[in-house]
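What follows is the residue order along each chain.
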Amino acid sequence: MLAFQYDMLPSRVVFGAGCLDKLPEEIERLGATRALVLSTPEQHKEAQQLVDRLGTRAAGLFDQAVMHVPIEIARQAREHAKALGADCCVSIGGGSTTGLAKAIALVSPLPILAIPTTYAGSEMTPIWGITEGGLKKTGRDPRVLPKTVLYDPALTISMPPMLSASSGMNSIAHCVEALYSKDANPIVSMIAEEGIRALAAGLPMVVKEPANLEARSEALYGAWLSGVSLGAVGMALHHKLCHTLGGIFNLPHAETHAVILPHATAYTAPAAPEAMSRIARALGAPCAAHGLYDLAASLGTPLSLAALGLKATDLDKAADIAVQSPYYNPRPITRDGIRAVLEDAFEGRRPNR
Ligand code: NAD
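Only a predicted model underlies this, so the values are computations on that prediction, with no experimental measurement involved. Per chain, residues are indexed from 1 in the order of the written sequence. Side-chain atom pairs in this predicted model are given and counted only at pLDDT of 80 or more, local residue features only at pLDDT of at least 70, and totals for whole chains, interfaces and linings cover all residues. Where side-chain values are given, they derive from all heavy atoms of the structure, hydrogens and water being excluded.

Engineer: I'd love a proper account of the overall build of the protein, names of residues and values included.
Structural biologist: Across its full length, the protein carries 13 helices and 8 strands. Scaling as 2.2 N^0.38, a compact globule of 353 residues should have a C-alpha radius of gyration of about 20 Å, and the protein matches this with 20 Å. Each principal axis of the C-alpha atoms in the protein carries an extent, and together these give about 60 × 45 × 45 Å. Using a 1.4 Å probe on the protein chains alone, a residue whose accessible area is under 20% of its type maximum counts as buried, one over 50% counts as exposed, and one in between counts as partly exposed. In the protein, which comprises 353 residues, the proportion classed as buried is 57%. Contact definition: two residues touch when any of their heavy atoms are within 4.5 Å. Of the contacts made within the protein by residues no fewer than 6 positions apart, 74% connect residues no fewer than 24 positions apart. Strands here mean DSSP runs of E at least two residues long; helices mean DSSP runs of H or I at least four residues long; both are numbered from the N terminus. As defined in this context, the radius of gyration uses C-alpha atoms, and a globule is described by 2.2 Å times the residue total to the power 0.38.

Spelled out as structure tokens, the structure:
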């Protein structure tokens, strides 16, 4: 019998090619008059264009966002926002830039208007992360959920095909784990399944023809749904493994997700048959884990942890750390089981469980 809880998160989404033109009116809608625009150094040009578009409604630009939000950068950005008298943050970029906006919103009343340019999904979640002394602390706080999100697929055309593919697999991972989350509910499961379908349909064309706006729209639509899934329900083994590997061995975020996903899925499969059939259906494949592996292979994302620079001698340490603190997974986590998952992922072989 059905029984569940679901807290819908309040955010406004404006989606569509060219919707960036609505930025000034969306800023006005938030009641803001002094927007601080945030970006990475690599996306300075795009950020400066936003400052120009906003004219007198722009307070300034901070272009020092980097992966995993180091506390020093968060402090600088917070100081900058304060010194400029900013009353809103506009982030343009991937999860790193959205993450910096969240670090500001965590300690101030500034609302966030997020303009995502990857498929990471952070813009739809109340999850923040800040790295201090080499450790990434994360938490949930409704204050960091962006109030408005502008999804303009035209902004994703510049995303290199390989970043698009790995970011897309990262996005699919959110949907996969939402389907067997301990907080799973029928609405989020519907959203997650549709997210996998849209990403699996859009990504192959994105990689083949990066400027195809139709494919970019489909993939970004899937990424939105995946962000909703990630924001709504808790994740499990796959995200835990990626977090461990990223944090300890400094492996690249999205690529690590792409490598681990088929193997974590194969491990969990026997305990989550309904989720697996929904994943397989969304992929149009007979088996969820094989479908994910074959999709990653067809997109050309790295298939092995070895290719990401992990050493075979690191596998035991990774397995030890991954089982140190208990967490939810439909199939209980054992040291031997995780070691085997890591071994398969290290070798990059097609899952055969
Ligand atoms: P990223 O934001 O670090 O971006 C990677 C690089 O690509 C950057 O140099 C960026 O400027 C560039 N880039 C982004 N969009 C581009 C585009 N359209 N064209 C050209 N270059 C572009 O990468 P990411 O994978 O989006 O984000 C990863 C980070 O986000 C990690 O720190 C992860 O932990 C975090 N994250 C957080 C959440 C959350 O809910 N809090 C969710 C997902 C990811």
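Engineer: Explain the site of the ligand residue by residue, including any values.
Structural biologist: Around the ligand, the surrounding shell holds 23 residues, and the nearest of these are Thr40, Ser96, Thr117, Thr118 and Thr125. We call two N or O atoms a polar contact when they sit within 3.5 Å, provided that within protein one can donate a hydrogen and the other can accept it, with sequence-adjacent residues counted only if both atoms are side-chain atoms. One nitrogen or oxygen atom from the side chain of Ser158 is found 2.9 Å from a nitrogen atom belonging to the ligand. Burial of the ligand by the protein amounts to 85% of the accessible area it has alone, namely 860 Å². By residue number, the principal contributor to the shell around the ligand is helix H4 (residues 95-105), which donates 3 residues. Just so you know the grouping, Ala, Val, Leu, Ile, Met, Phe, Trp, Tyr, Cys and Pro go in nonpolar, Asp, Glu, Lys and Arg go in charged, and all remaining residues, Gly too, go in polar. For the shell around the ligand, the per-class residue count stands at 7 nonpolar, 13 polar and 3 charged. Per-domain counts for the shell around the ligand show at least three residues from each of domain 1 (12-156) and domain 2 (161-347). To be near a molecule or strand, a residue needs just one of its heavy atoms within 4 Å of it. All accessibility values rest on the Shrake-Rupley procedure with a 1.4 Å probe; residue burial counts only the protein chains present in the view. Where each domain begins and ends follows an automated or database-derived domain assignment.

Engineer: Tell me about the domain arrangement of the protein, and name the residues and values.
Structural biologist: Segmentation of the protein into domains returns domain 1 (12-156) and domain 2 (161-347). Distance from the C-alpha centre of domain 1 to the C-alpha centre of domain 2: 26 Å. Facing the 21 residues of domain 1 at the interface are 24 residues of domain 2. Buried area: the sum, over both parts, of the accessible surface (1.4 Å probe) that disappears when the two are put together. Taking both sides of the interface into account, the surface hidden between domain 1 and domain 2 amounts to around 1,800 Å²; carbon and sulfur atoms contribute 68%. Just to be clear on terms, a salt bridge is a Lys or Arg side-chain nitrogen sitting within 4 Å of an Asp or Glu carboxyl oxygen. If you look at where domain 1 meets domain 2, you find 0 salt bridges. Taken together, domain 1 and domain 2 are joined by 6 residue pairs in polar contact (both at pLDDT 80 or more). Among the secondary structure elements, those contributing two or more residues to the side of domain 1 that touches domain 2 are strand S1 (12-15) and strand S7 (135-140).

Engineer: Account for the pattern of salt bridges, with residues named and values stated.
Structural biologist: For the coordinates displayed, the defined rule picks out 16 salt bridges. Taking the shortest distance from any N to any O, the salt bridge between Arg75 and Glu132 comes out at 3.8 Å. Taken together, the residues Arg75 in helix H3 (residues 71-84) and Glu132 in strand S6 (residues 127-132) connect sequence positions 57 residues apart. Arg75 gets classed as partly exposed once you look at its relative accessible area, which sits at 46%. In this structure, Asp141 engages Arg143 in a salt bridge whose closest nitrogen and oxygen atoms are separated by 3.1 Å. Here the salt bridges do not stand alone but share partners, grouping Asp316, Asp320, Arg335, Arg339 and Glu343 into one network.

Engineer: Quick rundown of the environment of Lys208? Include the residues and the values.
Structural biologist: Tracing the sequence through the fold places Lys208 in helix H6 (residues 186-208). For the pair formed by Lys208 and Lys102, sequence separation is 106 residues and the distance between their alpha carbons is 34 Å.

Engineer: How would you explain the side chain of Ser91 if you had to name every residue and give the values?
Structural biologist: Inspection of the secondary structure assignment puts Ser91 in strand S4 (residues 88-93). Beyond its immediate stretch of four places on either side in the chain, Ser91 contacts Leu38, Thr97, Thr98, Ala101, Ile112, Leu113, Ala114 and Ile115.

Engineer: Any details on helix H9 (residues 253-268)? Residues and values, ideally.
Structural biologist: Multiplying 1.5 Å by the residue count of a helix minus one yields the expected span of that helix. Compared with the 22 Å implied by 1.5 Å per residue over 16 residues, the 21 Å span of H9 between its first and last C-alpha is a close match. When the local axis directions of H9 are compared, the greatest deviation, roughly 40 degrees, occurs at Ile260, which is followed within four positions by the proline Pro262. The buried fraction of H9 amounts to 14 of the 16 residues, a majority that puts the element mostly inside the structure. The term bend refers to the angle at a residue between two fitted axes, each drawn through seven residues, those ending there and those starting there.

Engineer: Outline the sheet that holds strand S3 (residues 58-62), listing residues and values.
Structural biologist: When DSSP finds two or more bridges between a pair of strands, those strands are recorded as paired. In spatial order, the strands read S1-S8-S5-S4-S2-S3; together these 6 strands make up an open sheet with parallel pairing. At either margin of the open sheet sits one strand with a lone partner, and together these are S1 and S3. Pairs of neighbouring strands in the sheet enclose a mean axial angle of 15 degrees, with direction left out of account. In this sheet, strand S8 (residues 148-151) lies alongside strand S5 (residues 112-116) in parallel orientation, the contact comprising 2 bridges. Within S8, the residue paired with Ala114 across the bridge is Val149. The axes are straight lines fitted to the C-alpha atoms, using for helices just the contacting stretch, and the angles between their N-to-C directions are given from 0 to 180°.

Engineer: Summarise the environment of Lys82; cite the residues concerned and give the values.
Structural biologist: Among the secondary structure elements, Lys82 is positioned in helix H3. Judged by relative accessible area, which is 66%, Lys82 ranks as exposed. With 13 residues separating them in the primary sequence, Lys82 and Val69 have C-alpha atoms 18 Å apart.

Engineer: Help me get a handle on the pairing of S8, residues and values and all.
Structural biologist: Burial along S8 is two-sided: the face carrying Thr148 and Leu150 and the face carrying Val149 and Tyr151 are both buried. Note: S1 against S8, 4 bridges, orientation parallel. Its bridge partner lying in S8, Arg12 is registered against Thr148.

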